[in-house]
Amino acid sequence: MALDQRARARGVRLNQTLSDARALVPDLDCHPADDQANRALLLKIAGWCERYTPLVALGSDPEEGHDHGLFMDITGCAHLLGGEAALIADLEARLRAQGFHVRLCLADTPGAAWAMARYGQERIIAEGAHAGAILPLSLSGLRLPPAMVASLGRVGLKTIGCIAGLPRAPLAARFGARLMQRLDQALGREEEAISPIMPVAELSTERRFAEPVTHQDEISRVIAALATGIIEPLERRGLGLRRCRLKLFRVDGHVDELDVQTARPLRDAKMIGRLFDERIAGLHDDLDAGFGFDLIRLDVVHADPFDAAQTEMMAHHAAGQGHDALVDRLGARLGLDRVQRFVLADTHIPERSFGRQPVAHLGTPGFGARRSGLGNTALALASDPEADGEIITRPLILFDRPELMQTIAEVPDGPPLRFRWRGVSYEIVRSEGPERIACEWWRDGRGARTRDYFRVEDRQGYRFWMFRHGLYGRETSDPAWYMHGLFA
Amino acid sequence: MSLSRLQTATDILKARTRAYEAQAYQAHRGMALGDGGETSPLPLGASAVDRHLEGGLACGGLHEVRSPLARDIGAATGFALGLAARAMQGDRSGRRGVVWVTDPATRVDGGGLFPAGLAQYGLDPSSVTMVEPGDLQGAMWAADEAAGCNGLAALVFQIKGNPARFDITATRRLMLRARQSGVLALILRQSGEEEASAAVTRWRVNTEMSGADDILERGVGAMRLSLTLERNRAGRTGQWLLAWNPKVRSFNHAAPHPASRANPPAHSLDRLPASADRQALPDKMGQVLDRRQDFGRAS
């Protein structure tokens, strides 16, 4: 249950019944609590808070029924904004401007900050002073279950200071180890790590603007500048960029994220800029700049070792890079899952024997000698021209789902003679088969049927790949025929 | 006096106009021939066709492969893939890979490429990058990008029918980009009509009865394609019967089958050129179909 300022001003209190509150304020506006919406909003705020530090964690443990909140680890970040006080003031001013009521506290330990933000008065606890500061606070400040706080209250232990000086063993025996752990965490006797929501970027560079940028050209220029800035640290570490994320912080608190992946390590600012241009151009609706972005950040989410030999100035290498750059560009604009390559699966059922995967996820493109690096030996075997000679048994075009047709065929297992497919009749002149492909009972279950594939040619020279579904007499008495592919 | 001066001015203007026209004609011819200067033509492997094309297909250029009926798409795909395989085989300064861009409309009934079939056909499936944008505009953009990429061996742009958006301007753009980059750009038009475009050549592909199989009496032999060069900016048109040899990745001439349906009409190609907006085509009254092979009658 929560109240806003106006309700408080008119005399409504927490833990009042709704009818009492309605009697006090007849036009009371009340809504049931929506935990999911709260959480979603908190996550959005957390995303926005990444403008201060990459280490932002949700400070809520819902199973204990505690307040929601955020932890931010600003170690090493405060100086970027002119010190801790300036950071706190900036954070509070911006959140208030967005219409949030916030309570903030900066302290040495997450536990102490949590307690002081909720039950204390001070905003910034000096280094080392947190232990003294939290002692007078209520025990609720230790992030304990309400039942434990109540039972501690019954024996007269109401503040943190009360239990800090007591012998530890009897307390732990009576109230559990959790109490001592929380106390130690708040006082800094025990380390407590927060788990950030977003994985921390390997490298990140950002630019803040006094005057928000709105124009797409300006944004492109900023991206180019950020990309240039990120090249040097990448070089120093011997890395090349594989995946990076652009974060656009809008003035009104909204954060836009754009991801770009590359097929292989990249260390070219111009290319990064172009990829983002394509990514923005490929958005279904334009980037909504609203009143402008006041902070743009470029995060390197994933980087791989950059092979220096790749930048050799040899002609064919340059050409190969042209190919990779094309694939990256297509993926950035159209979406990664729309640019795919074949991968083979270990099965004989034709439609399951291959899959398509986004090129960006395949790693190094599988060409020539590097093909074995794909871990796709089946593909390597299948594409060996010496292995199969001139006999063609598989069609060039395979239908996603085999299409049912009317067929006249020899019983029990002879080749088809005539069939009707998509409204046209064909008379078969030549046929080869059957090639029997058994079902995969471990996948399809007991009722699955065997397929007998035939390669046929009609009077006009159309070549088809079709199969009889089920063995006559053993699996079915009326096997159906399906069209599955077209030969050249 | 004044009259004669006027005449001289007119003459000068006329001469200039003639010069400009000659220049424009030269430029047009240069574009039409599609010889980027530095790229050598890509031979098909079949001697008569290569002689006819004066060495082969222009590599940095746009070519159209058309299948008149939906079921001919297998043959047309085979021809396009054969060309792509040849483009990749001749290692042209480190170019690699085929980009296969599909218009989403083809997906509805066309099925998709089958890697096992590609491998048997002589094309490494791992060298094919499939691009499937959500709409035709995206597909045209992707094709443009790929045609302009100088690290690519071949681009195949598969479309269905004759969409109005993919007009002569779009093909001209593709053509120019391919000419600059040296990519073999192919339009694979499924069940499309002939349409004026900037392509250097346009091929109609029909399937043809295969030759006899040595091992199996009723077996399906080596595939055959009936190729019609409907349009050739650089020379004459023609018609051939070709077979594809996957082992050496080459087209060969094939002997016509005696029972073949294709007894090519004597003047099949003496038709008016197609107009850009298909306005000039006469209204079709429908086609006469041979229904004798239908179920009831044939038995």
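About the cut-offs
- Residues numbered from 1 in each chain as written.
- Chains lettered and ligands numbered in written order.
- Predicted model: local features only at pLDDT ≥ 70, side-chain atom pairs only at ≥ 80, totals over all residues.
- Heavy atoms only, no water.
- Pairing = 2+ DSSP bridges.
- Helix = DSSP H or I, 4+ residues; strand = E, 2+ residues; numbered from the N terminus.
- Axes fitted to C-alpha atoms, helices over the stretch in contact; angles between N-to-C directions.
- Contact = heavy atoms within 4.5 Å.
- Phe/Tyr/Trp six-rings, centres within 6.5 Å; stacked < 30°, edge-to-face > 60°.
- Buried < 20%, exposed > 50% of the residue type's maximum accessible area, 1.4 Å probe, protein only.
- Lys NZ or Arg CZ within 6 Å of the ring centre and 35° of its normal.
- pLDDT = per-residue confidence, 0-100.
- Salt bridge = Lys/Arg side-chain N within 4 Å of Asp/Glu carboxyl O.
- Buried area = accessible area lost by both parts, 1.4 Å probe.
- Nonpolar A, V, L, I, M, F, W, Y, C, P; charged D, E, K, R; others polar.
- Core = buried A, V, L, I, M, F, W, Y, C linked by side-chain atoms within 4.5 Å.

### A look at the sheet that holds strand β3 (residues 203–213) of chain A
All names here are of chain A. Sheet architecture is open: four strands sit in the order β3-β6-β4-β5, paired in antiparallel fashion. Of all the strands in the sheet, the pair left with one neighbour each is β3 and β5 (255–266). The sheet shows a mean angle of 15 degrees between the axes of neighbouring strands, taken without regard to direction. Where helix α12 (residues 269–281) meets the sheet, its contacts fall on β4 (239–250), β5 and β6 (293–305), and the angle it forms with β5 comes to roughly 130 degrees.

### Structural notes on the packing of aromatic side chains
Centre distance and the angle of the planes are the two values used to describe a pair of aromatic rings. Considering all chains together, one arrives at 22 aromatic pairs over all chains under this definition. Ring centres of Phe399 of chain A and Trp421 of chain A lie 5.7 Å apart, and the angle between their planes is 50 degrees; this geometry places the pair in the tilted category. With Phe399 of chain A in strand β9 (residues 397–409) and Trp421 of chain A in strand β10 (residues 416–421), the pair connects residues that are 22 residues apart, well separated along the chain. Neither residue differs from the other here; Phe399 of chain A and Trp421 of chain A are each classed as buried. Arranged with centres 4.9 Å apart and planes meeting at 45 degrees, the rings of Tyr453 of chain A and Phe467 of chain A form a pair that is tilted. A residue pair is termed long-range when its members are at least 10 positions apart, and Tyr453 of chain A in strand β12 (residues 451–458) and Phe467 of chain A in strand β13 (residues 463–469) qualify at 14 residues. The class of Tyr453 of chain A is buried, set by a relative accessible area of 1%. Among the aromatic residues, ring-to-ring pairing joins Phe342, Phe354, Tyr453, Trp465, Phe467 and Tyr482 of chain A together with Phe114 of chain B into one connected group. Just above the ring of Tyr52 of chain A sits the side chain of Arg51 of chain A; from NZ or CZ to the centre is 5.9 Å.

### Here's the deal with the sheet that holds strand β4 (residues 128–131) of chain B
Think of a sheet as strands paired side by side through backbone hydrogen bonds, with each pair either parallel or antiparallel. If you trace the 11 strands from one edge of the open sheet to the other, you get β8(A)-β7(A)-β4(B)-β2(B)-β5(B)-β6(B)-β1(B)-β7(B)-β8(B)-β9(B)-β10(B), paired in mixed fashion. Only two strands of the sheet have a single neighbouring strand rather than two, namely β8 (354–358) of chain A together with β10 (250–253) of chain B. For this sheet the average axis-to-axis angle between neighbouring strands, irrespective of direction, equals 30 degrees. Taken together, the four bridges between strand β2 (residues 96–102) of chain B and β4 of chain B define a ladder with parallel strand orientation.

### Let's talk about the confidence of the model for chain B
Residue and element names in this part refer to chain B. Averaged over all residues, the pLDDT of chain B equals 78, while 75% of them reach at least 70. A low-confidence stretch, residues 280–284 stays under pLDDT 50, and its non-local contacts, those more than four residues away or across chains, total two contacts. The low-confidence segment residues 286–299 (pLDDT under 50) makes 14 contacts with residues lying over four places distant or belonging to another chain.

### Focus on the pattern of salt bridges
Two side chains with opposite charge may pair up if their charged atoms get near one another. For the coordinates displayed, the defined rule picks out 42 salt bridges over all chains. Between Glu50 of chain A and Lys247 of chain A there is a salt bridge; the shortest N-O distance is 2.4 Å. Of the two residues, Glu50 of chain A sits in the loop between α3 (35–49) and β1 (56–58) while Lys247 of chain A sits in strand β4, which places them 197 residues apart along the sequence. For Glu92 of chain A, the salt bridge identified is with Arg123 of chain A, shortest N-O distance 2.5 Å. Of this pair, Glu92 of chain A sits in helix α4 (residues 84–97) while Arg123 of chain A sits in the loop between α5 (110–119) and α6 (130–134), and the two are 31 residues apart along the sequence. Classification of Glu92 of chain A by relative accessible area gives buried; the value is 13%. Under the relative-accessibility criterion, Arg123 of chain A is labelled partly exposed at 35%. Residues participating in the shared-partner salt-bridge network are Arg66, Glu194, Arg202, Arg204 and Glu230 of chain B.

### Remarks on the interface of chain A and chain B
Accessible area lost upon the coming together of the parts serves often as the stated size of an interface. Chain A puts 73 residues into the contact, and the matching count from chain B is 74 residues. Taking both sides of the interface into account, the surface hidden between chain A and chain B amounts to around 6,600 Å²; carbon and sulfur atoms contribute 58%. Broken down residue by residue, the surface that chain A buries against chain B is led by Phe342, Leu396 and Arg430 of chain A, which jointly contribute 11%. Counting every contact that joins chain A to chain B gives three salt bridges. Per-element tally for the side of chain A that touches chain B: the top contributor is helix α13 (residues 315–334) of chain A, with 12 residues. Partitioned by chemical class, the residues of the side of chain A that touches chain B number 35 nonpolar, 14 polar and 24 charged.

### As for the nonpolar core
With 71 residues, the main nonpolar core has Phe419, Trp421, Phe464 and Met466 of chain A together with Leu44, Phe79 and Trp203 of chain B as its most contacted residues. With 11 residues, the top contributor of residues to this core is helix α3 (residues 73–89) of chain B. Once residues within four sequence positions are removed from consideration, Met466 of chain A is found in contact with Met405, Pro416, Phe419, Asp452, Tyr453, Phe454, Val456, Trp481, Tyr482, Met483 and His484 of chain A. One finds Ala263 of chain A together with Leu62, Trp141 and Leu152 of chain B within the second-largest nonpolar core, a separate group that totals 35 residues.

### With respect to the pairing of β4 of chain B
Because side chains alternate across β4 of chain B, one face comprises the buried residues Val128 and Met130 of chain B, and the other comprises Thr129 and Val131 of chain B, equally buried. Bridge analysis of strand β7 (residues 339–344) of chain A against β4 of chain B gives two bridges, and the strand direction is antiparallel. Along β4 of chain B, the bridge assignment pairs Gln340 of chain A with Met130 of chain B.

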